[in-house]
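Report on the structure
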Amino acid sequence: MNEIVEFLVSAFILVGAVFALVGSIGLVRLSDFYLRLHGPTKASTLGVGGTILGSLLFFSWQERALQLQEVLIVLFLFITAPVSAHMLAKAAMHRSLKRREDTRGGPWKQ
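One structure accompanies this document, and this report is about it. The model shown is predicted, which means the values in this text are computed figures rather than measured ones.

Reading guide: rules and limits
For every chain, the first residue of the written sequence is number 1, and numbering continues from 1 along that sequence. Side-chain atom pairs in this predicted model are given and counted only at pLDDT of 80 or more, local residue features only at pLDDT of at least 70, and totals for whole chains, interfaces and linings cover all residues. Excluded from the side-chain calculation are hydrogens and water; included are all heavy atoms of the structure. Numbering goes from the N terminus for both helices and strands, where a helix is a DSSP run of H or I of at least four residues and a strand is a run of E of at least two. For a compact globule the rule gives 2.2 Å times the number of residues to the power 0.38, and the radius of gyration it is set against comes from C-alpha atoms. Relative accessibility thresholds used throughout: buried, under 20% of the residue-type maximum; exposed, over 50%; partly exposed, between the two (1.4 Å probe, protein chains only). Every residue pair with non-hydrogen atoms within 4.5 Å of one another is taken to be in contact. Surface accessibility follows the Shrake-Rupley procedure with a 1.4 Å probe radius. Residue values consider only the protein chains on display as shielding. When charges are counted, Lys and Arg contribute as positive and Asp and Glu as negative, whereas His and the chain ends are disregarded. Just so you know, the charge point we use is NZ for Lys, CZ for Arg, CG for Asp and CD for Glu. Ring geometry is summarised as follows: Phe, Tyr and Trp rings, the Trp one being its six-membered ring, pair when their centres sit within 6.5 Å, and such pairs are stacked at plane angles under 30 degrees, edge-to-face over 60 and tilted between the two. Geometrically, a lysine NZ or arginine CZ counts as sitting over a ring once it is within 6 Å of the ring centre and also within 35 degrees of the ring normal.

Before going further, it helps to spend a moment on the overall build of the chain. When helices and strands are tallied, the chain shows three helices and zero strands. Listing each helix as α and each strand as β along the chain from the N terminus yields α-α-α. Relative to the 2.2 N^0.38 estimate, which gives 13 Å for 110 residues, the radius of gyration of the chain is 18 Å and therefore markedly larger than a compact globule would have. With the principal axes as the frame, the chain shows a C-alpha extent of 60 × 25 × 20 Å. Each of the 110 residues in the chain was classed as buried or not, and the buried ones make up 25%. For the chain, restricting intrachain contacts to residue pairs at least 6 apart in sequence, the fraction spanning at least 24 positions comes to 66%. Entry remark: accessible area of the chain is about 7900 Å², with carbon and sulfur atoms responsible for 69%. Distance between charge centroids for the chain: 18 Å, based on 11 positive and 7 negative side chains.

Below is the structure:
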């Protein structure tokens, strides 16, 4: 395997792992539901996206053809993660979950 491709695959996987780690730490450390939802949603999308892009590059190089199923996985991930986060946030707002006082936005601000 070409050293440049190996380096790129390794870089994508490492960047994906770092973003997934940051998202996990954010889930544990942040104080209320809204903050916990925001951190992991963004970071995990980038983490899984980076890992799958590394996999896409590796298997496309091995097979000498674009691996369409991995492109579809990334597309599905980038479409569904923000939609599901939005639905969870709206459900939390309707249930009036407790939040930090300095959380901005939402209908509770007059």
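Another point: the packing of aromatic side chains. Across all of its chains, the model carries one aromatic pair by this definition. Centre to centre, the rings of F58 and F59 are 4.9 Å apart; their planes meet at 80°, and the pair counts as edge-to-face. A relative accessible area of 39% means that F59 is categorised as partly exposed. In this arrangement the basic side chain of R64 is found over the ring face of W61, its NZ or CZ atom lying 4.6 Å from the centre.

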